[in-house]
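Geometric and topological summary
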Amino acid sequence: MSARIFSIANQKGGTGKTTLSMNFAAGLSRHGKVLVIDADPQGSAGQWSCLSPDHRPFPVSVISIGGNLAREATRFSQDYDFLVIDCPPTLETDTMSLAMKISDVILIPVLPSPVDLWASIRLTDAIEQAKIHNRKLKPYIVVNQLEPRSALSKAMKQALEEFDIPSLKEGIRRRAIYRNAAVEGASVYCMGKRGEAAAQEIDEIIKEVL
Ligand SMILES: Nc1ncnc2c1ncn2[C@@H]1O[C@H](COP(=O)(O)OP(=O)(O)O)[C@@H](O)[C@H]1O
Ligand SMILES: [Mg+2]
């Protein structure tokens, strides 16, 4: 058996990598056995799962990898259906390029402004490089922190259309429940009614990439 590998990457911090990694992994756990690999030295994904109370453990194991990501991920890939790699916010170390070499899909969360999208432009070069050796690699932009009641700005729509990386149809709205779930070491899937709409959008994202 060999797992499908998803990397969540953006060289900017604060765009929603860890939020997407953890909620995406929780949703994926309904489709198979999932492992989150925390490849960010800040260790947010690992801390997140440690916040879970004993009576409601996070549904997916999280391990931190500081060493050889490719070797470790290949080893874990025998025992899981899906690996979700939460990447560090930098292109300066080789972690992100290693993740791209072994991944099937890269999800790139970006904030809904053209400036934030263009800030990810260096990623497109790294992805092109990775594709030379990993032709199965599929990158997608995921727009995060969408304003609940307003549509995407015209400028952002145009920027997304012109960008080299396609974007998923479903984005992620700005919702307090994402922050609340993180504080409780939970995913939006176990926040009851309050988490329903968020869980639905994560499910749509999963449907698009599975
Ligand atoms: N869709 C969202 N709605 C509300 N808050 C969000 C959303 N996505 C991320 N956040 C919050 O924004 C901050 C940065 O997100 P995080 O996932 O830690 O980003 P990164 O891992 O890219 O640095 C966190 O406080 C997180 O709770
Ligand atoms: Mg993070």
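Placed above this text is the structure.
Counting starts from 1 at the beginning of each chain's written sequence and moves along it residue by residue. In the order they appear in the text, chains get letters beginning with A and ligands get numbers beginning with 1. Local features in this predicted model are restricted to residues whose pLDDT is 70 or higher, and side-chain atom pairs enter the listing and the counts only when it is 80 or higher, whereas totals over whole chains, interfaces and linings include all residues. To obtain the side-chain values, all non-hydrogen atoms of the structure were included, while hydrogens and water were left out.

Focus: the packing of aromatic side chains
We count it as follows: Pairs were defined over the aromatic rings of Phe, Tyr and Trp, the Trp ring being its six-membered one, requiring ring centres within 6.5 Å. Orientation was assigned from the angle between planes: stacked under 30 degrees, edge-to-face over 60, tilted for the rest. For helices the rule is a DSSP run of H or I covering at least 4 residues; for strands it is a run of E covering at least 2, with both sets numbered from the N terminus onward. Relative accessibility thresholds used throughout: buried, under 20% of the residue-type maximum; exposed, over 50%; partly exposed, between the two (1.4 Å probe, protein chains only). When the NZ atom of lysine or the CZ atom of arginine is within 6 Å of a ring's centre and also within 35 degrees of its normal, the charge is said to sit over that ring.
Counted under the stated rule, the structure contains 3 aromatic pairs. Ring centres of Phe6 and Phe82 lie 6.2 Å apart, and the angle between their planes is 45°; this geometry places the pair in the tilted category. You can see Phe6 sitting in strand β1 (residues 4-8) and its partner Phe82 sitting in strand β4 (residues 82-86), a full 76 residues away along the chain. For Phe6, a relative accessible area of 0% translates into the label buried. Relative accessible area serves as the criterion here: at 8%, Phe82 is assigned to the buried category. Feature note: the residues Phe6, Phe24 and Phe82 constitute an aromatic cluster, connected by ring pairs. Looking at Lys33, its charged tip hangs above the ring of Tyr80, at a distance of 4.7 Å from the centre. Stacked on the ring of Phe76, the Lys or Arg Arg75 has its end atom at 4.8 Å from the ring centre.

What to know about the nonpolar core
So the rule is basically this: Buried residues of nine kinds, namely Ala, Val, Leu, Ile, Met, Phe, Trp, Tyr and Cys, make up a nonpolar core once their side-chain atoms join them within 4.5 Å. The contact rule is simple, with two residues in contact once any of their heavy atoms fall within 4.5 Å.
Counting residues in each nonpolar core, the largest one holds 36 residues, and the members touching the most others are Phe24, Leu107 and Val188. Each residue touching Val188, except ones within four places of it in the same chain, is listed here: Asn23, Ile177, Tyr178, Ala181, Gly195, Ala198, Ala199 and Ile202. Ranked by size, the runner-up nonpolar core spans 35 residues in total, among them Ala39, Ala73, Leu117 and Met156.

Describing the sheet that holds β4
Across a sheet, paired strands are connected by hydrogen bonds in the backbone, their directions being either parallel or antiparallel. Defined as follows: Between any two strands, at least two bridges found by DSSP are needed for them to pair. In this analysis, axes come from line fits to C-alpha atoms, helices being fitted only over the stretch in contact, and the angle between any two N-to-C directions falls in the range 0 to 180 degrees.
If you trace the 6 strands from one edge of the open sheet to the other, you get β3-β2-β4-β1-β5-β6, paired in parallel fashion. On the outer flanks of this sheet lie β3 (61-64) and β6 (138-143), each paired with one strand and no other. On average, each strand axis in the sheet is tilted by 20° relative to the strand beside it, whichever way the strands run. Pairing between β1 and β4: 5 bridges, direction parallel. Among the inter-strand pairings, Ser7 is bridged to a residue of β4, identified as Ile85.

Quick look at the pattern of salt bridges
Using the following cut-off: A pair is scored as a salt bridge if a Lys or Arg side-chain nitrogen falls within 4 Å of a carboxyl oxygen belonging to Asp or Glu.
All told, the structure shown has 8 salt bridges when counted by the stated rule. As a salt-bridge pair, Arg174 and Glu147 come within 2.5 Å of each other at their nearest N and O atoms. In this pair, Arg174 sits in the loop between α7 (154-162) and α8 (176-183) while Glu147 sits in the loop between β6 and α7, placing the two residues 27 residues apart along the sequence. The class for Arg174 is partly exposed, based on a relative accessible area of 40%. Measuring nitrogen to oxygen at the nearest pair gives 2.9 Å for the salt bridge that ties Arg175 to Glu201.

What about the environment of Lys157?
The residue Lys157 is located in helix α7 in this model. Along the sequence, Lys157 and Ala176 sit 19 residues apart, while their C-alpha atoms lie 24 Å from each other.

Quick look at the pairing of strand β2 (residues 34-38)
As a reminder of what qualifies: Seen with the strands pointing away from the viewer, any crossover whose path from the first strand over the helix to the second strand runs clockwise is right-handed.
The buried fraction of β2 amounts to 5 of the 5 residues, a majority that puts the element mostly inside the structure. Side-chain alternation along β2 places Val34, Val36 and Asp38 on one buried face and Leu35 and Ile37 on a second face that is also buried. The pairing of β2 with β4 spans 5 bridges and is parallel. Bridge pairing in β4 places Val36 opposite Val84. Sheet topology note: the β2/β3 ladder contains 4 bridges and is parallel. By the bridge assignment, Val36 is partnered in β3 with Val62. The β-α-β motif built from β2, the intervening helix α2 (residues 44-50) and the parallel element β3 has right-handed crossover chirality.

Some points on the packing of helix α1 (residues 17-28) against helix α9 (residues 196-209)
Condition: Should an angle fall under 35 degrees it is taken as roughly parallel, and over 145 as roughly antiparallel, whereas 65 to 115 is taken as roughly perpendicular and any remaining angle as oblique. Charged residues are taken to be Asp, Glu, Lys and Arg, nonpolar residues to be Ala, Val, Leu, Ile, Met, Phe, Trp, Tyr, Cys and Pro, and polar residues to be all remaining types, Gly included.
Their axes nearest at 9 Å, the elements α1 and α9 cross at an angle of 75°. Considered as vectors, α1 and α9 are oriented roughly perpendicular to each other. Contact residues: α1 offers Leu20, Asn23, Phe24, Gly27 and Leu28, while α9 offers Ile202, Ile205, Ile206 and Val209. Its residues assigned to classes, the contact of α1 with α9 shows 7 nonpolar, 2 polar and no charged.

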